[in-house]
Amino acid sequence: MSTKGLLPQPITGEIDHLLATNDRARRNASTFRIIFGWVLLLTGTVFSIIRLLYAPARNDPLSNIPIDAAEILDKCRMLNVQPHTPANFYERKQSDRFQAGTNPTLITNATIWSGRLNGLEQFTGDVLLDGGIIRDIGDIDREFVARLDDLVTIDANGAWLSPGVVDMHSHLGVHSNPGLRGSSDGNSHHGPVLPWMRALDGLNTHDDAYRLSVSGGVTTALVLPGSANAIGGQGLLIKLRPTTERSPTAMTLENPYSTNTSEYDPLHGLRWRQMKHACGENPGTLIGTRMDTTWAFRQAYDKARQIKNAQDAYCQKASTGKWDEIKDFPEDYQWEALVDVLRGRVKVHNHCYETVDLDDMVRITNEFKFSIAAFHHAHETYLVPSTLKSAYGHPPAVALFSTKARYKRESYRGSEFAPKILSENGLQVIMKSDHPVLDSRYLLYEAQIAHYFGLPPNLALAAVTSTPAEVIGEDHRIGFLKRGYDADVVLWDSHPLSLSATPKQVWIDGIPQIKVPHVVDKPAFLQNIPKTPDFEREARKTLEYDGLPPLLPNHTSEGTVVFTNVSHVYARKGDSIVEVLGLRRGHDNGIVQVQRGEIICMGEASTCLELNTTGKPTFVNLQGGSISPGLVTFGSNLGLEDIQGEPSTKDGLVPAPLISKVPAIVGGDGAIIRAADGLQFFTRHALLAYRSGITTGIVAPQSQGLLSGLSVAFSTGSEHRLKKGAVVQNVVAVHVAISHSDNLPSVSAQVAALRNLLLGNGEGELGYWFEKVTKGKLSLVVDVHSADAIASLIELKREIEGTTFHPLKLTLSGATESYLLPSEISDADIGVILRPIRSFPSSWEMKRISPGPPLSDGTALSTLLAHKVTVAVGAIDPSLARLTRFDVGWAALTAGISVSTEEVLALASVNVEKLLGVSGSQSGDLVATQSGGLLEFNSKVAAVISSRRGLVDIF
């Protein structure tokens, strides 16, 4: 019997050589090879006995061979094995994640977006899910289908079918929701470099967001540690479905380890690991300056390189039989993951925003010879594509938000055109959620907005499916609809890039995830890819001005402006919006003539153009577009800050009476702060909102306590407060908040304090303004989410009205759980501003959300409207306020009730003004859009018509 095949070739060759030079050994070479081969596969004790029997007493070369030589050489061989897909992977008949009892499913007559051909392939066909994989796609083998037991057949009726959404940057399960102290496991603060940390070890299986994210089509997520460290640890790929084991490990996709080390699986090959890096501001809070962070990286990688070099040298000697020159294999349990980065076996995900940091990291990759899979957040990558292309190995992909920016200095140059510009430079673009920063349930919305601003449709949809799958190294099984791939499939109610696209059903590993899907009928045009506007000029300007293009109008006219090819005009009438001009779209004779910001004529061209005008008129072709009331934003800090994380760019926090003593110089306990005094005009947030159809902002002072102060209404397009029409209303409403917080006394104490103020016990100016509230002359706006707190406020309103005999104008802001008390809110004549419109259980007092389709029939909006409650829509983030027109469009399309265009526009205009108490809004601004209505993805804001300021701003 030969040991060849049992032992690595270097060992058998070395034994042959040694035996050939020894007379006695030569005579017994064959026998000894057999014995020695088996000995190396047995225990150390047996080997020692055999060696004593056969080896010479002194100077035998065999005595230098360690007992675990075969194991050592196998470890050396594995050092440079790369993760790969086994050659027979697609021969599998069942997924390694298959759950017993899962019925096969045949989806027929689907419009299939497969992800293939760079996202350009789409066709009509069938898909068979069986054994947790896609067994067949396109023209299905009907004979095979006929042999399947318990087959479930679903007729898609032409609906769109896509791969499951892949979120490549999530903190699901480690920053759990609702947010509680006991379930925050995203960051370790025990050092700047922690490659040995693992998200798996903190994954909470009870996060409420899993179910919600699945309902948005998300099937796979890369869960990453936070960004408090330069190297925060190892990420984890999970499938979002519940498992029978109910464990974090059972959720993993191709789990790369059973201990802290990479593990070779003969069936699946070596599996990719994922690792989080971070540079810039976030790790700087723990480490220090950018120089400190960069040195932390270099020091860590130098340590890993030393270990790698020592291992390579060790293995070189072992492979050539120099056993007497080596001892223990050089390894370090803590650093082995970073060594694996240098061996090309880890996908590095780098949180990195600014050019300086991007350049630092690219230089580090070239110094230490490793690749970065993707830069995340990466707000300035579109400015330096050549820098990315000079990274070691290959250019990193770029994982982005669509419009979220300016929340800290390093995000200040973030651009909505970044996805478009990067793709045009040949770089891979990925849209991500950073959940719960953005709710990953609406990750597809990020792709939709990226598409709106110029990312081609094939790449936009790929940016949340096939591209992230490729970048994380899982494109052999997820991210595409192909035979043999995991059965992660989403059936949509409309084209995935259309506004409000919602899953009808989601399959993960072939298992349907929504027990009873609630589906809303959508207009037929939503089945097509939206035709989006041309933003080529704006994208060029963004690059020309290094990410900060001028946001002023291209032209401002105080004379005559004639809008041609107008299809619809909507205007304010009392507390409502009405259509005052309606023509068939494509009818090119619709004319609206404006002079000094006032409409003086509308109708057929022959009617208006005969009017006498002062000076030469400016003509604007709306190409079938419309004119609508300007939108109003409320709820974010738009107007009081430029950069959220920079104190010098914002108004700041007001003194909180229930937390600390209010300084006497401010007014003591009788003080009330006016937002008007801290207004900041000309911020990029405000100007971008203005260019998006939001002409009025309403903002209250920022507070962490019960009392915020007096809000102000202002023009988002004005340069400063002394300009005509800049301040729309100096005092709008009194604002307070009722919430659970570590910084505040109990909710009952907060309600008691509010009662005391409403009963006339306030001092000074505070008492003056609350007297106006109790007499019904000023609105009281309470930021509140909990249904229990809302119930207390309803009772408090009754109590106060019974004492003062005046109706109290009470508006609830936030109001996540308000839908649980619709009749009571309606009967009490209380208004509601839903903020945000997409409910999410970010805190315990927001836990009981109304999720809407496909998880529930109806939404908070539809429930409140059905009970005749006046409802408006607000924002929570100044950088996202600009998307209000799409937010209200989405809300109407998903509500499941019939809502007219006029009613939808009212949600973000006259309803906001009514609930907050903005008076005299009949002469409010109007917004002109090209190629469609204000609520549609195919339209672009062309101009603002401002009667308040007596002008027309043309973009």
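This structure is a prediction, so every number in the text was calculated from the model and none was measured. Residue positions are given per chain, counted from 1 along the sequence in the order it is written. pLDDT decides what is reported in this predicted model: residues at 70 or higher carry local features, side-chain atom pairs at 80 or more are listed and counted, and totals for whole chains, interfaces and linings draw on all residues regardless. The basis for every side-chain value is the complete set of heavy atoms in the structure, and neither hydrogens nor water enter the calculation.

Quick word on the sheet that holds strand S35 (residues 871–873)
What counts is decided by this rule: DSSP bridges decide pairing: two strands pair if at least two such bridges lie between them. Counting from the N terminus, the helices are DSSP H or I runs at least four residues long and the strands are E runs at least two residues long. For helices, the fitted axis covers only the stretch in contact; all axes are lines through C-alpha atoms, and the angles between them, taken along N-to-C directions, range from 0 to 180 degrees.
Within the open sheet, the six strands sit side by side as S28-S31-S32-S33-S34-S35. Their pairing is mixed. Each edge of the open sheet carries a strand with a single partner, namely strand S28 (707–710) and S35. The average undirected angle you get between the axes of adjacent strands in this sheet is 20°. Across four bridges, the pairing between strand S33 (residues 810–814) and strand S34 (residues 831–834) is parallel. Bridge assignment links serine 813 to a residue of S34, and that residue is isoleucine 833.

What about the pattern of salt bridges?
Formally: We define a salt bridge as a contact between a side-chain nitrogen of Lys or Arg and a carboxyl oxygen of Asp or Glu at a distance within 4 Å. When accessible area is computed with a 1.4 Å probe and restricted to protein chains, residues below 20% of their type maximum are described as buried, those above 50% as exposed, and intermediate ones as partly exposed.
Within this structure, the stated rule accounts for 53 salt bridges. Across the salt bridge formed by glutamate 410 and lysine 408, the nearest N and O atoms sit 3.0 Å from each other. Across the pair, lysine 408 and glutamate 410 agree in class, each one buried. Across the pair aspartate 783 and arginine 835 runs a salt bridge whose closest N-O atoms are separated by 2.2 Å. A residue pair is termed long-range when its members are at least 10 positions apart, and aspartate 783 in strand S32 (residues 779–784) and arginine 835 in the loop between S34 and helix H26 (860–866) qualify at 52 residues.

Looking at the state of the cysteines
Where two cysteines share a covalent bond between their sulfur atoms, that bond is called a disulfide. We count it as follows: Two cysteine sulfurs form what is called a disulfide whenever their separation falls within 2.5 Å.
A complete count under the given rule lists two disulfides for this structure. Between the sulfur of cysteine 76 and that of cysteine 315 lies a disulfide, 2.0 Å long from S to S. Here the S-S torsion is close to -80°, and the disulfide linking cysteine 76 with cysteine 315 is therefore left-handed. Of this pair, cysteine 76 sits in helix H5 (residues 69–78) while cysteine 315 sits in helix H11 (residues 290–319), and the two are 239 residues apart along the sequence. A sulfur-sulfur distance of 2.2 Å marks the disulfide that ties cysteine 279 to cysteine 352. One end of the pair, cysteine 279, is in the loop between strand S12 (273–278) and helix H10 (281–287); the other, cysteine 352, is in strand S13 (residues 346–352), and 73 residues separate them in sequence.

Considerations on the side chain of histidine 351
Which entries qualify depends on this criterion: We call two residues in contact when some of their heavy atoms are within 4.5 Å.
Within the fold, histidine 351 resides in strand S13. Relative accessible area serves as the criterion here: at 2%, histidine 351 is assigned to the buried category. Aside from chain neighbours lying at most four places away, what touches histidine 351 is Ser227, Lys276, His277, Ala278, Cys279, Asn282, His376, His377, Lys408 and Glu410.

Here's the deal with the packing of aromatic side chains
Each pair of aromatic rings is reported with the distance of its centres and the angle of its planes. Selection criterion: For Phe, Tyr and Trp, rings pair up if their centres lie within 6.5 Å, where Trp contributes its six-membered ring, and each pair is then called stacked (planes under 30 degrees apart), edge-to-face (over 60) or tilted (otherwise). Charge-over-ring placement is defined geometrically: NZ (Lys) or CZ (Arg) within 6 Å of the ring centre, and within 35 degrees of the ring normal.
Within this structure, the stated rule accounts for 21 aromatic pairs. With centroids separated by 6.2 Å and ring planes inclined at 75°, the aromatic side chains of tyrosine 353 and tyrosine 407 adopt a geometry described as edge-to-face. In this pair, tyrosine 353 sits in the loop between S13 and helix H13 (355–368) while tyrosine 407 sits in the loop between strand S15 (397–400) and helix H15 (418–424), placing the two residues 54 residues apart along the sequence. Centroid distance phenylalanine 681 to phenylalanine 714: 5.9 Å. Interplanar angle 85°. Geometry classified as edge-to-face. With phenylalanine 681 in the loop between strand S26 (631–634) and helix H21 (684–690) and phenylalanine 714 in strand S29 (residues 712–715), this pair connects stretches of sequence that are 33 residues apart. Here a set of aromatic residues connected by ring pairs shows up, and it is made of Phe417, Tyr452, Phe453, Phe535, Phe886 and Phe937. The lysine or arginine in question, lysine 432, covers the ring of phenylalanine 401, its NZ or CZ lying 3.2 Å from the ring centre. Sitting over the face of the ring of phenylalanine 535, lysine 940 holds its NZ or CZ atom 4.7 Å from the ring centroid.

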